[in-house]
Structures are given as structure tokens and as C-alpha cells.
Amino acid sequence: MALKYKCLILDHDDTAVKSTPEIHYPSFIEALKNLRPNERTITLKEFVGYCFNPGFTSLCKDIIKFTDEELQHQQEVWKKYTESTVPDFYEMFTETIQEFKKQGGIVTVVSHSERSRIERDYSIHCGFLPDAIFGWELPEHQRKPHSYPIKEILKRFNLQESEALMLDDLKPGLEMAKSCNVDFAAAGWSHSIPEIKEQMKRESKYYFETVAQFSHLILCK
């Protein structure tokens, strides 16, 4: 049986790997305490909410209002955490992607993690590298939620919009997919905030509570 989609466009953090509680949130809080020791910290729930809307970049630039120097420090603290911690993939995710690849599918990643970290995680847990990666190392106008990564993937692999599926847990991925007329699936297995769950259910073509549900769709089980 042919695959339902020829290409997967996968988010990484909190879609493939369990990274926000272990890496992104604690590193952000450490940087915030270093830079703004007299300001109130933010909770994990608040952090996830801001990353959902308006997004992590806007959280740093528009809400916290980090200067360029402060942004650099935040990135340095974040890199220290990402270098020292290899996050686990969600249960069944590795097996699902391996089988999709085995059946001839194209696996790509569009993430706010760096390419080197994504390659490390896939090498360790999946035994292969994605066919294309668009990460944080790109210029801002080429990162998610901008349309460049998806348009480049479609062009590079000679795909129609209907042949690709974007999987992400947050709104920037949803917005990117919509801007490119690509089907979007929400990774609900990492959601804990009811408001996020409801909005993603409402606006996504697919909403998956479990990796097993996602696997059933893409592998045509």
C-alpha cells in the first residue's frame, strides 16, 4: 500500500523529543535570572504559552525585550544545555519514523533547534539523518514560521503541496503549513495547557493525542 504522504516535515522539540522541560525552559530561566535578577521569573506553563503564541522569538524580543547582547547570552546558556543533554524521543516515535523511511518516505525537520543537535538526536535514536534539516542556524527570515523551509522542501524533492504533511505541537508550525497549503497535524501528546489543545484541535487538519494515532495515519495501518 502506498504511503498517504510522500514527505513528513517534522518539528523537533516537544514533537519528536521531550526537550522543553529538560532543556529549553530551565536554560531560559537560568539566562533570565542572570540578566534580570530582580524581575519575576515565569512558570513552565507561561513559557509554553508564550512559545505557542506569539512564539519564542517574540517572547525574547517583544515581551522580555532582550537587547542583542542579552539575546547572545541567552543563546550561550541554551547551547550549554543542548550540548550536555540528549533528550529522549517520545515512545513509538522512533519506530514510526524508521518504518516511514523504510517504506520510501522522505523525512525532513523544520525546527528552532540547531542542525547539529537534530543530527545528533536522530543519529543516536533513529540510526539515520533526516533528508533535509532547517534549523536555528538559518537567518531569521528563513526559519519557521516563515514559508521558506516548506517551499524549499517541496522544490528540492519535486513534491506537490498535497504530498507533504507538517507535524508540530505549536502555532508557528501551523501558521507555516497554512501559508504553504500543506496539511498540518498537531502533536497533542506534549500538550498540557487546555487552551493550546483546543486551539490546535480547532485549526489543524489532524489532532493526535498519541504517537500511535499519528503512526496509524502515515503508515496506512
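Further up the page is the structure itself.
Anyway, here's the lowdown on the structure attached to this text. Keep in mind that this is a model prediction, so the values were computed, not measured.

Glancing now at the overall build of the chain. Scanning the chain from terminus to terminus reveals 10 helices and six strands. Dimensions of the chain, computed from the C-alpha atoms along their principal axes, are close to 60 × 35 × 30 Å. Each of the 221 residues in the chain was classed as buried or not, and the buried ones make up 54%. The contacts of the chain with a sequence gap of at least 6 include a subset with a gap of at least 24, amounting to 66%. Element-wise, carbon and sulfur atoms account for 49% of the exposed surface of the chain, whose accessible area totals about 10,400 Å². One way to put it: in the chain the 28 positive side-chain charges average out to a point 3 Å from where the 34 negative ones average out.

With that settled, the discussion passes to the pairing of strand β4 (residues 164-168). The buried count for β4 comes to five of five residues, which makes it a mostly enclosed element. Pairing between strand β1 (residues 7-10) and β4: four bridges, direction parallel. When the bridges of β4 are listed, I9 appears paired with M166. Bridge count between β4 and strand β5 (residues 183-187): four bridges; the pairing is parallel. Residue pairing across strands places L165 opposite D183, the latter belonging to β5. Read as a crossover between parallel neighbours, the route from β4 over helix α8 (residues 171-179) to β5 is right-handed.

In this structure, the largest pocket spans a volume of roughly 760 Å³. Of all elements in the fold, only α1 (20-35), α2 (44-52), α3 (56-63) and α4 (68-84) reach the threshold of two or more residues within the lining of the largest pocket. A class-by-class count of the residues in the lining of the largest pocket yields 16 nonpolar, 15 polar and nine charged. For the second largest pocket, the calculated volume is near 190 Å³.

Bringing the environment of K201 into the picture now. Among the secondary structure elements, K201 is positioned in helix α9 (residues 194-203). Residues K201 and A186, 15 residues apart in the sequence, show an inter-C-alpha distance of 7.5 Å. For K201, the residues in contact, after removing those within four places along its chain, are Y207 and E209.

Looking now at the pairing of β1. Along β1, one buried face is formed by C7 and I9 and the opposite face, lined by L8 and L10, is buried too. One ladder, built from four bridges, connects β1 with strand β2 (residues 106-110); its direction is parallel. Paired with L10 across the strands is V109, a residue of β2.

Rules and cut-offs
- Residues numbered from 1 in each chain as written.
- Predicted model: local features only at pLDDT ≥ 70, side-chain atom pairs only at ≥ 80, totals over all residues.
- Heavy atoms only, no water.
- Helix = DSSP H or I, 4+ residues; strand = E, 2+ residues; numbered from the N terminus.
- Buried < 20%, exposed > 50% of the residue type's maximum accessible area, 1.4 Å probe, protein only.
- Contact = heavy atoms within 4.5 Å.
- Areas by Shrake-Rupley, 256 points an atom, 1.4 Å probe, with all protein chains shown as cover.
- Lys, Arg positive; Asp, Glu negative; His and termini not counted.
- Charge placed at Lys NZ, Arg CZ, Asp CG, Glu CD.
- Pairing = 2+ DSSP bridges.
- Right-handed = clockwise from strand over helix to strand, strands pointing away.
- 1 Å grid on protein atoms, 1.4 Å probe; cavity = no way out; pocket = protein on both sides within 12 Å on 5 of 7 lines; lining within 4 Å.
- Points joined across faces, edges and corners; volume = space filled by probe spheres on them.
- Nonpolar A, V, L, I, M, F, W, Y, C, P; charged D, E, K, R; others polar.

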